[in-house]
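Next come the chains, spelled out residue by residue.
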Amino acid sequence: MKTQAILVELRNKKGLSQDALAEKVFVTRQAVSRWETGETVPGTETLKLLSKLFDVSINTLLGSPRKLVCQCCGMPLDDGSISKEPDGAFNEDYCKWCYADGKFVYTSIEQLTDFLVEHMSNENFPPEQARAYFEQQLPTLAHWKQRA
C-alpha cells in the first residue's frame, strides 16, 4: 500500500478530519490533502509525529519498503514487536524483547544465545544445532558488531 492510502486509512480509523489531523501534527489541511492525493509525502519530523499519533512505525507509514529485523536477536519486526523509546517513539532497530524502556535486556551475546537456545530449540531444531546457528548469525547483527 502507498503512503497516501495508508494515511487516509489511519486518519479514518481515528475518526479525524483532514483539519483535525493537520492541527495535531502542526501543518495545514492543504498539506494533509496533498499527502493523501500522493502529491507530496510528509517530512521526517512530521512522519515522527504521525507515527506517535497513529501508533505505527515510520516504516509502516511509508508502505513498509524495508524488511525490518531486530539488530540484537534477528527476529523479523512488525508494529506489534518493534521496541519503543521511553518517550513512546518507535525504535525500528530492535524488538520489544531485546530493548525495553530505553535499555537492552541482554548484556552479552552469550546471555542472548543461551536464552534463544533454551526457548527456540525443539525436536526439529536440537539445542546443538540452535546454538551453532545463533553463534553464527548473532555476530552479524549491528548491535553485536558495535560491541565487538
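Right above here is the structure, for reference.
Each chain has its residues counted from 1, running along the sequence as written. The predicted origin of the model limits local features to residues at a pLDDT of at least 70 and limits the giving and counting of side-chain atom pairs to 80 or more, whereas totals for whole chains, interfaces and linings rest on all residues. Side-chain metrics in this entry use all non-hydrogen atoms of the structure; hydrogen atoms and water are not considered.

> Before we go on, may I ask you to explain the pattern of salt bridges in this structure?
For side chains of opposite charge, pairing can occur when their charged atoms come near one another. Any carboxyl oxygen of Asp or Glu that lies within 4 Å of a side-chain nitrogen of Lys or Arg is treated as forming a salt bridge with it. Scanning the entire structure with this criterion turns up six salt bridges. A salt bridge links Glu92 to Arg66; the nearest nitrogen and oxygen atoms lie 2.5 Å apart. Residue Glu92 is located in strand E2 (residues 90–95), and its partner Arg66 is located in the loop between helix H5 (58–61) and strand E1 (82–84); the two are separated by 26 residues in the primary sequence. Each residue is placed in one exposure class: buried if its accessible area under a 1.4 Å probe, protein chains only, is under 20% of its type's maximum, exposed if it is over 50%, and partly exposed if it falls in between. Note on Glu92: relative accessible area 15%, which makes it buried. The class of Arg66 is partly exposed, set by a relative accessible area of 46%. Counting from the N terminus, the helices are the DSSP runs of H or I reaching at least four residues and the strands are the DSSP runs of E reaching at least two.

> I'm lost on the packing of aromatic side chains in this one. Help?
What describes a pair of aromatic rings is the distance from one ring centre to the other and the angle between the planes of the rings. Aromatic contacts are taken between Phe, Tyr and Trp rings whose centres are within 6.5 Å, Trp giving its six-membered ring; a plane angle under 30 degrees counts as stacked, one over 60 as edge-to-face, and the others as tilted. For the structure shown, the criterion picks out seven aromatic pairs. Ring plane angle 85 degrees and centroid distance 4.9 Å describe the contact between Tyr94 and Phe104, whose orientation is recorded as edge-to-face. Here Tyr94, found in strand E2, pairs with Phe104, found in strand E4 (residues 103–104); they are 10 residues apart in sequence, far enough to count as distant. On the accessibility criterion, Tyr94 (8% relative accessible area) is buried. By relative accessible area, which is 29% here, Phe104 ends up partly exposed. Taking 6.1 Å as the distance between ring centres and 70 degrees as the angle between the ring planes, the aromatic pair formed by Phe125 and Tyr133 counts as edge-to-face. We classify Tyr133 as partly exposed; its relative accessible area is 41%. Among the aromatic residues, those joined into a cluster by ring pairs are Tyr94, Tyr99 and Phe104. Only when the NZ atom of a Lys or the CZ atom of an Arg is both within 6 Å of the ring centre and within 35 degrees of the ring normal do we say a charge sits over the ring. In this structure, Lys84 is placed above the aromatic ring of Phe90, and the distance from its NZ or CZ to the ring centre is 4.8 Å. Residue placement shows Arg147 over the ring face of Phe104; its charged tip is 5.9 Å from the ring centre.

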